[in-house]
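Examining the three-dimensional arrangement
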Amino acid sequence: MGRKLNVGKKAVEVGFNPDTKSKRVRASSRKNKRQQEPVLPKFLAGDEAETKKLSSHQKKRKKLALLKEAEKKAQKLAKQSNKKAKLVERQNQNKVNGRAKSKSKAEAEEEINGSASESDESFVEDDMNFKDDNADWLTPKKTGVQLHGSEDDEEMSEDEEMSGDEEGDDVSDAESEEEDEANLLPIERKAKKLRQKEVVDKQLAKEELDMNIKQTEVYKLPSGQDISRDSNLAPDLELLKQRIRDIMQVLGDFSSRRDSGTSRQSYVSQLRTDLCTYYGYNEFLMEKLMEIFPQDIIEFLEANEIDRPVTIRTNTLKTRRRDLAQALINRGMNLDPIGKWSKVGLVVYDTQVPIGATPEYLGGHYMIQGGSSFLPVMALAPQQHEKNLDMAAAPGGKTSYMAALMQNTGTIVANDKNKARLKAVIGNLHRMGITNSVITNSDGKDIIKYANNFDRVLLDAPCSGTGVISKDQSVKANKDEVDIAKCSQLQRQLLLTAIDCCDAKSSSGGYIVYSTCSILVEENEQVIDYVLKKRAVKLVSTGLDFGKEGFSQYKYHRFHPSLKHTRRFYPHTHNLDGFFVAKLKKLANMEGAADERVTDEPMAAEPMETVDSEPATETTKAAPKSKPSKSSPKKKQWNRLKKIEKMGRQKKLQSQETSGSTGNTSRKRKHLK
């Protein structure tokens, strides 16, 4: 057993292995190589030795076998999922077509037995394809211990794989259709399974949703005891909000979700009470808003809780919007154009400097103005070299915009009743570089006595402010029916005066624009409809590409069909303050149209001389004696003008009382002519 070295020979006898009964021989060299690791028997080496001793060809065959097994399992799962989907589809079809009752029990049992047999076959196939890694050394060996897998074992494994393949190839016609699926990639097969699973899940989810809707579709209002108990406690906002949502859903589908013993009026009254409590409105205003917004009342109320974005208007007399935007961005403002409908507006999102204290603002390059205030001037579209009137000019934003469109040509009369607010008008016009404006302080109803024959008239009438609640939250609780009636009466008088001031024979004009920051019908459509009956005017298009049409039908009211030309703007749809814009075209200068006015004659050099066109009485004759000189202060002239106006009104009332109904019929005949 010792080592025997022959120096002259090519090989060296190293040792003897009793298991293999052979000698290991290695090449001779000066330095012997490292001794190889000992070869252990298979039952001692374990799985690691087996994997290491496999040849490359054996490894490939093993991988192919594993892939085939995985494909078979995937095909089985696909079959089962397809069968489940088909069963679900059949059940749904039977439910829809009413065939579920006609289906016999025998067919159902056959389907169940068929599925059970298929499942048994799948279990049998799994048993046939089952393999155990320890089966080699658990089975008894015919000969002694084998160190490596012999060629016979490899041939047996190949035969088993071939037999398994032959069994897999024997498929039915239904399985032949699934062979195409086997050619797909593993990812595609998984995606297909997921799609099938999603279809089944959607059907189940739909059935559950239908069941839940059927259980909760009827909503009952709280009882009187619950309401009285809650009234004594602080309101639970979360409970109110949920109840508001539930009632809105019931009103959306009232026929199927109503309580049998509850009327629609009960639901509406409860909804109105909850909205008043949650948002802080009075019942009168909330009722008006619910009539205007029956579907999206909650969106409107939520929009009123959020401030509108700050907007500025570029003064085109001094700069361009692009240059102004670049200058303000350099100063730390984040802004964007207000929209495609305006070429001068910018929206300021945030700023690092005060908007009203920049050098550009002090230099008159821009005006801080709401986006909705652009709309009346855009609808008026003043032209160069015209004589225009702004009846309610304060604080001067619309007047300066008109002057910019007219390029400082022509004449603009900017009037306002409040003398304190005229200071802001004067300051803004000077800052913006306006040179074609004349500022007057007079009541809009009396301005016709000394100024008329205008080409275009703009009336941004005073209103209740229901469109700008986000700026003034006091409107929620302060406005009532009396306030709305007063505003409506004042707006009618101002609009009649504006029409009388306009010249129908103007070559380029004859237009009147009426606008309010209110959304109530009493201040908008009703005023326009009243004016259409009293004056020779018609409604024309405003030229605004966006906005909702005005109401031609509202509750029991039926207005003139041309009111569709008016435009309404809402905070929750246009992200602007609530606004109403109407454009009128004067058709004729009617004689005696201004029955409520003192005079209808054009303005003279001295307004005092042409205040009253009727024959002078004893009271009016005394007035010219105290006629002020040209050097007298303007205040005295205005005071005397007001006194004469009062005397003229009294005389008019007396004449109307004596004339009676004859005067009304004559006026109607003239209007028809």
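These numbers were taken from a predicted model, which means no experiment stands behind them.

Along the backbone of the chain there are 27 helices and 17 strands. Across the 673 residues in the chain, those meeting the buried criterion constitute 35%. Partitioning the contacts of the chain with sequence separation of at least 6, the portion at a separation of at least 24 is 71%. A total accessible area of about 41900 Å² is found for the chain, and carbon and sulfur atoms account for 52% of it.

For the rest of this paragraph, the subject is the state of the cysteines. Under the definition given, this model contains 0 disulfides. For the unlinked cysteine Cys487, the closest cysteine sulfur is that of Cys463, found at 6.9 Å. Taking relative accessible area as the criterion, Cys487 reaches 16% and is therefore assigned buried.

With that settled, consider helix H15 (residues 297-304). Among the residues of H15, those classed as buried are Ile297, Phe300, Leu301, Ala303 and Asn304. Down the axis of H15, the buried side of the element spans an arc of 160°, and every buried residue falls inside it. Structurally, H15 contributes buried residues whose contacts are with helix H11 (237-252), helix H13 (264-279), helix H14 (283-292) and helix H24 (571-574).

Turning next to the nonpolar core. Grouped together as the largest cluster of nonpolar side chains are 59 residues, with contacts concentrated most on Leu275, Leu301, Leu495, Ile528 and Leu584. Per-element accounting of this core gives the leading share, 7 residues, to helix H22 (residues 481-501). Leave out the neighbours within four places in its chain, and Leu301 touches Leu275, Tyr279, Tyr281, Met286 and Leu289.

Working definition: an aromatic ring pair is given by the centre-to-centre distance plus the angle between the planes. Counting across every chain of the model gives 10 aromatic pairs. Look at Phe551 and Tyr554: their rings are 5.8 Å apart centre to centre, the planes differ by 40°, and that puts the pair in the tilted class. An aromatic cluster is defined as three or more aromatic residues linked by ring pairs; in this entry it consists of Trp341, Phe374, Tyr401, Phe546 and Phe569. For the cation-ring pair, Lys387 lies above Phe454, with the distance from its terminal atom to the ring centre recorded as 5.0 Å.

A few words on unusual backbone geometry. A cis geometry characterises the amide bond from Ala394 onward to Pro395, with omega recorded as 5°. Along the chain, Pro395 turns up in the loop between strand E7 (387-390) and helix H19 (397-405). Positive phi values are uncommon outside glycine, yet Asn408 reaches one of about 60°. With respect to the secondary-structure elements, Asn408 resides in the loop between H19 and strand E8 (411-416). For Asn408, a relative accessible area of 23% puts it in the partly exposed group.

With that settled, the discussion passes to the packing of H11 against H13. Packing of H11 against H13 leaves a shortest axis separation of 10 Å and a crossing angle of 145°. The crossing of H11 and H13 is left-handed. Counting all contacts with H11, which are made through Leu237, Leu240, Lys241, Arg243, Ile244, Ile247, Met248, Val250 and Leu251, the residues of H13 involved are Arg264, Tyr267, Val268, Gln270, Leu271, Asp274, Leu275, Thr277 and Tyr278. Partitioning the contact of H11 with H13 into residue classes produces 12 nonpolar, 2 polar and 4 charged.

Conventions used here
Going along each chain's sequence as written, the residues are numbered from 1 onward. Given that this is a predicted model, residues contribute local features only at a pLDDT of at least 70 and side-chain atom pairs are listed and counted only at 80 or more, while totals for whole chains, interfaces and linings are drawn from all residues. To obtain the side-chain values, all non-hydrogen atoms of the structure were used and water was disregarded. Runs of E in the DSSP output that reach at least two residues are strands. Runs of H or I that reach at least four are helices, and both are numbered from the N terminus. Buried residues are those whose accessible area, probed at 1.4 Å on protein chains only, stays under 20% of the maximum for their type, while exposed residues exceed 50% and partly exposed ones sit between those limits. It only takes one pair of heavy atoms within 4.5 Å for two residues to be counted as in contact. Each accessible area is a Shrake-Rupley result for a 1.4 Å probe, and residues are judged covered by the shown protein chains and nothing else. We call a pair of cysteine sulfur atoms a disulfide when they lie within 2.5 Å. As used here, the arc is the angular range of directions from the helix axis to the C-beta atoms. As used in this record, nonpolar core signifies buried Ala, Val, Leu, Ile, Met, Phe, Trp, Tyr and Cys residues forming a set joined through side-chain atoms within 4.5 Å. Centres within 6.5 Å make a pair out of two Phe, Tyr or Trp rings, where for Trp the six-membered ring is used; the pair is then stacked when the planes are under 30 degrees apart, edge-to-face when over 60, and tilted otherwise. Note on geometry: a ring has a charge over it if NZ (lysine) or CZ (arginine) is within 6 Å of the ring centre and within 35 degrees of the ring normal. Angles here are taken between N-to-C directions and fall from 0 to 180 degrees, while the axes themselves are lines fitted to C-alpha atoms, restricted in helices to the stretch in contact. By convention the crossing between two helices is left-handed if the near helix lies anticlockwise of the far one by an angle smaller than a right angle, and right-handed if it lies clockwise. Any residue that is not Ala, Val, Leu, Ile, Met, Phe, Trp, Tyr, Cys, Pro, Asp, Glu, Lys or Arg is counted as polar, Gly included; the first ten are nonpolar and the last four charged.

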